[in-house]
Structure formats: structure tokens, C-alpha cells
Amino acid sequence: MTFHIITIFPNIFDSYINESILKRAQEAGVVTIVMHDLRKYATDKHKTTDDTPTGGGPGMVMKPEPIFNCLKAIREKENPDFKIQKKSKNIFFSESSPILLMTPRGKQFTQKDAQTFASKKLNSVILICGRYEGIDQRVHDYMIDSEFSIGPYVLSGGELPAVVITEAITRLLPGALGNPDSLIEESFSKKLALAGAERSAGEYPQYTKPSSFSPTKELELTTPEVLLSGNHEKIKKWRNQHSQ
Ligand code: ADE
């Protein structure tokens, strides 16, 4: 699966996507992540990607043409015969390549959404990172499939949300995680995916070595005995009892 991320800050992503899971998933050929610098698609010599709001008001609004040009270039690279879909609500509609706009106005992205995207065998996912006070409404109305928020708070742009969504989907793709058991064990995926984000994670407490840890002379922090017992039935029972 290819993730196309459209942004005016393509370098923001470098360190995060080149470490850990996203690095491994790229190396394993599970995903490809392509950054698209929106400024390259600007139409004027100053490479402007935003302008003042029509009708007046504070702040700046992202212009529609650079986003249009970038989406067109992505589609034409995927398919040289691509034609604007005049009859479709999204003029760039493609069944195998949804276009998602990151905005605090969007539907809150959940584990279930991650599973839906991961299971669709998509060719690509295109993520548009909004900036400033907003994006020209014609992008919302004609160039995207869905609007997603990663939570009920306002960030200064869609870059972090794009990374969050990219990682949430990637780790569910076959071959992305070193140990797929850790995915199966995750109760969020297993039990609570349908519940959305309001429920607690439902995980049991985890411990590692040492089984006894004394940060001061008076204080000994220990691991529950049962987890050291080697009795898998008892451990399972204890974990069920202590799941949130
Ligand atoms: N852009 C700004 N805030 C956002 C949020 N919470 N989710 C998605 N995109 C955003």
C-alpha cells in the first residue's frame, strides 16, 4: 500500500517515518510512503499555497489549485489515462485509492477505520494535511472522499494526524509487525474495535524483569507471583480478571 501525504512541510515526517514500525514496514515492502510538497504544485512564482478569505475575515485559507494539481499528478502517475470524474462527487475518485482530508471538523478516526482501510487491499491512501485556518471549501466538496479528525482538539495542521493514521493502518497490514501475536493480543483490536475511542483500552497489566525492583531501601516493587508461576491457565485467568 502506498501512502501519499500532501503537505507544505514534507520534512516534518522524516525522523518518525524512518524509525521503528514504519521504517520496517517500508523496508519489508509492505508500505511505501511518498511525500508531496504542496508548494511544488503552486501556480504562481512565489509558490503560494494560501490566500485571504473571500468575503473578508481573519487568517488565511489554503488555495484549491495546488491541491488539485497535486492530486491530478498522483492520479496520472498511477494511471496515465486518468480522466477527471465529472459525474462523481469526488472528481478524483478511485475505488482503490481513497483521498482523506485531515481536519478537526472530520469524523474521529477509530481503530475500526484503521481496520477497514487495512483490510480493503487498497492500492494507495492519499492524506491531505490542512494548515492555517482552513481549506477552500471546493476541496472539501469536490476532491476528497472523507474528512478525518484524530481527536477533539485543534492542532496547527494535519501533519501529525496524517502520521497517526498512516501508522494505525500500517501496523495492521500483514507483514508490518515483527511479531503478529502482539497484534492478536491487543484487546483494542480484539474486543473493542467496534466501540470506538470512548472505551478504555481493555488491556491487562504487563510486567517485565526484574520481578523485584527496589528504587529505595524502604520500597520494593514486585511482580504478581502468579505471573512467575509458569502456570499458563492461572496466568490467563489472572489477566482476564485484571483486564480493564
Ligand atoms: N488539523 C488540526 N487539528 C486536527 C485534528 N484534531 N485532527 C485532524 N486534523 C487536524
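Placed above this text is the structure.
The rules behind these values
- Residues numbered from 1 in each chain as written.
- Predicted model: local features only at pLDDT ≥ 70, side-chain atom pairs only at ≥ 80, totals over all residues.
- Heavy atoms only, no water.
- Salt bridge = Lys/Arg side-chain N within 4 Å of Asp/Glu carboxyl O.
- Buried < 20%, exposed > 50% of the residue type's maximum accessible area, 1.4 Å probe, protein only.
- Helix = DSSP H or I, 4+ residues; strand = E, 2+ residues; numbered from the N terminus.
- Contact = heavy atoms within 4.5 Å.
- Near = heavy atom within 4 Å.
- Polar contact = N/O pair within 3.5 Å; in protein donor to acceptor, adjacent residues only side chain to side chain.
- Areas by Shrake-Rupley, 256 points an atom, 1.4 Å probe, with all protein chains shown as cover.
- Nonpolar A, V, L, I, M, F, W, Y, C, P; charged D, E, K, R; others polar.

**Concerning the pattern of salt bridges**
Here's step 1: Within this structure, the stated rule accounts for six salt bridges.
Here's step 2: We note a salt bridge from Asp113 to Lys107, for which the minimum N-O separation is 2.6 Å.
Here's step 3: We note a salt bridge from Arg138 to Asp136, for which the minimum N-O separation is 2.7 Å.
Here's step 4: Judged by relative accessible area, which is 15%, Asp136 ranks as buried.

**Considering the side chain of Thr170**
Here's step 1: Here Thr170 is to be found in helix H6 (residues 159–170).
Here's step 2: Look at Thr170 and you get buried, because its relative accessible area is 0%.
Here's step 3: Once residues within four sequence positions are removed from consideration, Thr170 is found in contact with Phe3, Leu22, Ala25, Val31 and Ala176.

**So, the site of the ligand**
Here's step 1: Around the ligand, the surrounding shell consists of Met102, Thr103, Pro104, Phe148, Ser149, Ile150, Gly151, Tyr153, Val154, Leu155, Gly157 and Pro161.
Here's step 2: The separation between a nitrogen atom of the ligand and a polar main-chain atom of Thr103 is 3.2 Å.
Here's step 3: Note that a nitrogen atom of the ligand is positioned 3.0 Å from one of the backbone N or O atoms of Ile150.
Here's step 4: The protein chains hide 97% of the 260 Å² of surface that the ligand would expose on its own.
Here's step 5: Among the elements of the structure, strand E5 (99–108) and strand E7 (146–149) are those that each provide at least two residues to the shell around the ligand.
Here's step 6: Broken down by element, the shell around the ligand gets its largest block of residues, three residues, from E5.
Here's step 7: Residues that form the shell around the ligand fall into these classes: eight nonpolar, four polar and no charged.

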